[in-house]
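Spelled out, the chains give:
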Amino acid sequence: MRFAERFPIVHLPQVLLERRVHGENVSRVHAAERAEGKLRAVEQALRAQPRLGPLAARRRRAIRAAAGIPEPPQATATRLFASLDQAGVRYCHWKSNEHVAAALAGRTDFDLLVDPADREPFEAALAALDFKEVVAPPEKRFPGMRDRIGFDPESGGLLHLHVHEQLVLGAAGVKNHRIPIEALLLDDGRRVDGVRAPAPELELLLLAIRAPLKVSPKRILQRWRKDGTKTLQSALVREMTFLLPDVDEARFGEAVAKTGLALDADTILSFVRRARDRALTTPEVHRFRRAVLQALRPYRRDSGAVAAVRAVRARALSSRAGLALFGPRGRRLPGEGRLIALVGADGSGKSTLAAELRAWLSWKLDVRAAYFGIPKDSRGYRLLQRMRGGRRGGWLDAERWLFAARHRVSQHRRARRHTRRGGIVIADRYPLPELWAPPEPMDGPRLAGQGLAGRERALYARIGPPDRAFVLRTDLAVLRRREPRVEPGIHARKAQVVNALEDSAVRSVVDGNRPYEDVLLDLKRRIWALL
């Protein structure tokens, strides 16, 4: 009798392994089922309370991420890469291929290296899918690189393409090294989630070069006696760990030799393996960084002094003080920007929609908010309110409305200053003259007669029309259900004035009776057509 038959316990590890695998599969199924139940609950809550739209979108993403459910690729992204293949465009997604699926879903950027000889068919494919040209701020502009942003009309998501014709590497805001190995990446490739990518050996080589360049000397000094894997950016260490199993050592040595860089393949692989194993020290990072900089010295764009100045500027602009002074510096339209306003009666959802639209566009564009309602949070307005008490009429009441008029003029002046530089402004409310019918003018002049009333009208005359005002036409019954706290008579008058507006050169009427998600997607489509 065989030993295994006499002692069945020998089979226990295999039995336990099978049970564990089965258990993991069951757990994944249960997790997916629980996630579907949670997603259905989110949809039910959204139907009952449309104002939960932004919260519902975030909740959906969190549920899918926790259950490991991948987000589907956007239809526009799928069509783009099918068009590029059909046109025979030579391109590759040259870095961070671990995140291609996330980029296809519109959760992160694409970094596409494109053959300059194929620029015309590449741009034709983008134009056919209505991709827009955008301009990066000066500290994010580099040779051989341009930005394009696309829109998926089915999901309402955005796609951001960094289009490279040259490989320019280095720390953020500096990128001081241009390595002329583009042909190697375009010739030797593979597919990752349907997108062309370079061979894993070349991608790992570029990653190993980029990683130490992103570490500043100050960072090395601060962490000299500490763990080197924490000196490197953790995202880069994860990418190394992701790529290493697919790399063949012999092919890696050949790839390094083809680049002509004065780097040793074994040294690079040792560095990457020690980073993967969390065994890397900061002095090792320093030595490898010095070797990389020496090998790249013939490929520097500028001297070390010029690069240092660019690094200081980049750090200053991204610091807390820089953000406080200049704000986030996003990408802008190449010409004039757009001033877009949402108008509607109380309960139409204009404030919620305006915030959601700003968040949508702010992912990649320089978007500012404007509020043309009564500035109730302003110190000056609150002071006038307290001084006048509950009395209506009189000079204090007039000063209150003049203060509101000056606030609106100031909002318009700032908005137009931003749009002249290619920025976008999403305004909550707008002083459209068609909404100024008495006795309750919406966001317009309130004073009658002469004197101060003339000053107020002169202030409003300085406010020009928006580039487009979207009028949320919503039935009174729907408005009352959403915002029952408004006095019924005032609510009815406002709804009547707003719902009487028709389409014009600067106005577009939107059906606000639909579910929140439908209205939001409709507005996204219309705004994209304006950009």
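Residues numbered from 1 in each chain as written. Predicted model: local features only at pLDDT ≥ 70, side-chain atom pairs only at ≥ 80, totals over all residues. Heavy atoms only, no water.

(A) Broad picture of empty space enclosed by the protein. Tallied over the full model, the rule gives 2 cavities of 30 Å³ or more. Empty space within the second largest cavity amounts to approximately 30 Å³. Taken together, Val343, Gly344, Lys350, Arg429, Tyr430, Leu435, Met442 and Asp443 make up the lining of the second largest cavity. By residue class, the composition of the lining of the second largest cavity is 4 nonpolar, 1 polar and 3 charged. (1 Å grid on protein atoms, 1.4 Å probe; cavity = no way out; pocket = protein on both sides within 12 Å on 5 of 7 lines; lining within 4 Å. Points joined across faces, edges and corners; volume = space filled by probe spheres on them. Nonpolar A, V, L, I, M, F, W, Y, C, P; charged D, E, K, R; others polar.)

(B) Spotlight on helix H11 (residues 249–259). Those residues of H11 lying buried are Phe252, Ala255, Val256 and Thr259. Looking straight down H11, one finds that the buried residues subtend no more than 95° of arc, so they occupy a single side. Seen from the buried face of H11, the exposed residues on the opposite side, beyond 90 degrees, are Ala250, Ala257 and Lys258. Where the residues of H11 are buried, they touch helix H7 (182–187), helix H8 (200–213) and helix H12 (265–276). Directly after H11, the chain includes glycine 260, whose backbone phi takes a positive value near 75°. (Buried < 20%, exposed > 50% of the residue type's maximum accessible area, 1.4 Å probe, protein only. Helix = DSSP H or I, 4+ residues; strand = E, 2+ residues; numbered from the N terminus. Arc of directions from axis to C-beta. Contact = heavy atoms within 4.5 Å.)

(C) Local environment of the confidence of the model for the protein. Scored by pLDDT, the protein comes out at a mean of 87, with 85% of its residues at no less than 70. The secondary structure element of the protein with the lowest average pLDDT is helix H1 (residues 3–6), at 42, and the one with the highest is strand S10 (residues 338–343), at 98. (pLDDT = per-residue confidence, 0-100.)

(D) Quick peek at a positive patch on the surface. Side chains of Arg413, Arg414, Arg417, Arg420, Arg421 and Arg462 sit close together on the surface and give a patch of like positive charge. Among the residues examined, arginine 413 registers a relative accessible area of 41% and is labelled partly exposed. (Patch = residues over 30% accessible without salt bridge, like charges linked within 9 Å, V, L, I, M, F, W, Y side chains within 5 Å. Areas by Shrake-Rupley, 256 points an atom, 1.4 Å probe, with all protein chains shown as cover. Salt bridge = Lys/Arg side-chain N within 4 Å of Asp/Glu carboxyl O. Lys, Arg positive; Asp, Glu negative; His and termini not counted. Charge placed at Lys NZ, Arg CZ, Asp CG, Glu CD.)

(E) How the structure looks around the pattern of salt bridges. Inspection of the entire model under this criterion finds 28 salt bridges. Residues aspartate 467 and arginine 416 are paired through a salt bridge, measuring 3.0 Å at the closest nitrogen-oxygen approach. Here the residue aspartate 467 occupies a position in the loop between helix H19 (452–461) and strand S13 (468–473), and arginine 416 occupies one in helix H18 (residues 394–420), the gap between them amounting to 51 residues. Using a relative accessible area of 29% as the deciding quantity, one classes aspartate 467 as partly exposed. Taking relative accessible area as the criterion, arginine 416 reaches 16% and is therefore assigned buried. A salt bridge links aspartate 522 to arginine 514; the shortest N-O distance between them is 2.8 Å.

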